[in-house]
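Observations on the three-dimensional arrangement
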Amino acid sequence: MQEATRVTGSTLELLRQFDTPTICNVIELFDVRPRDQGYMDHRIRCAFPEIPPMVGLAATAAFRSAGEPSATDVYGSFEDQIELFEQLDGPAVVVYQDLDDPPAAAVFGEVMCTTYRTFGAVGLVTNGGGRDLDQVRALDFPVFTGSTISAHGYCRSLHVGQQVRVGGLVVHTGDLLHGDLNGVTSIPRNIAAEVAEVAAEFVAAEAIVLDYLNGPGTKTRDGFSEASGEFRAAVADLRARLGRTPLDA
């Protein structure tokens, strides 16, 4: 696992106060990556939209469930995964790449999610399938999946802690992830504290337009233009105060 900027508990807690689209909007202010990169695509769906945002550090693994019986199964990797959790500087988000195409069986169920939650994980993301969704919902454990499948097949973990690709996003162990009913994004760790600190200011800037549109009185193009101009000015001021230029890391 590569050395990375430490993310404090207070930063994680502050990031949880905002939805994932807001976090994506704020990341764009820093110009650290192209705007069409850094987040998972439409194939990864939030199973429990009612659960608040998930924020944590990726603990990666690869999975298969098709083929002949194996001498090992997914439960055999639990000790390695728990050890990986302990190496992170914050709560884990399990990120499983299902290498079967299409997925042959469920990547997770009640036992796995209960185990992960017990040892400090705050969510699970996979391009594969899930099952036992009623039981996992009762755990208040966020999961993001590509499908739902009732059986577990010949489930087995192929590796723990290596690079994976889920929903078009390359994920390394230790990457900072934020997810809610809108999807999952990564947050560059070197700007995580600043993203958390300025997110409320970005929300306040958006409120300039929303308050105009939702407020009393007749709406006009001139009024909308004025509110939009105030929003753009507020965002420009915020970007200037961040002191970032394109490709800053």
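Above this note sits the structure.
Report on the accompanying structure.

What counts and how
Residues numbered from 1 in each chain as written. Predicted model: local features only at pLDDT ≥ 70, side-chain atom pairs only at ≥ 80, totals over all residues. Heavy atoms only, no water. Pairing = 2+ DSSP bridges. Helix = DSSP H or I, 4+ residues; strand = E, 2+ residues; numbered from the N terminus. Expected span 1.5 Å × (residues − 1). Buried < 20%, exposed > 50% of the residue type's maximum accessible area, 1.4 Å probe, protein only. Arc of directions from axis to C-beta. Patch = residues over 30% accessible without salt bridge, like charges linked within 9 Å, V, L, I, M, F, W, Y side chains within 5 Å. Areas by Shrake-Rupley, 256 points an atom, 1.4 Å probe, with all protein chains shown as cover. Salt bridge = Lys/Arg side-chain N within 4 Å of Asp/Glu carboxyl O.

Some thoughts on the sheet that holds strand β4 (residues 106-108)
Within the open sheet, the three strands sit side by side as β4-β6-β8. Their pairing is parallel. In this open sheet, the two edge strands, each paired with only one partner strand, are β4 and β8 (147-148). Sheet topology note: the β4/strand β6 (residues 129-130) ladder contains two bridges and is parallel. Bridging from a neighbouring strand, F108 pairs with G130 of β6.

As for helix α7 (residues 221-242)
Between its first and last C-alpha, α7 extends 31 Å over 22 residues, near the 32 Å set by a 1.5 Å rise per residue. Looking at α7, one finds that the buried residues are G223, A227, S228, V235, L238 and L242. With its buried residues spanning 130° around the axis, α7 presents them on a single face. For α7, the exposed residues lying more than 90 degrees away from the buried face are R221, D222, E226, R232 and A240. Just downstream of α7, G243 is the residue with a positive phi angle, here 65°.

Quick notes on a nonpolar patch on the surface
The grouping of L210, L213 and F224 at the surface amounts to a nonpolar patch, some 270 Å² of accessible area in total. Counting through the fold element by element, F224 comes out in helix α7.

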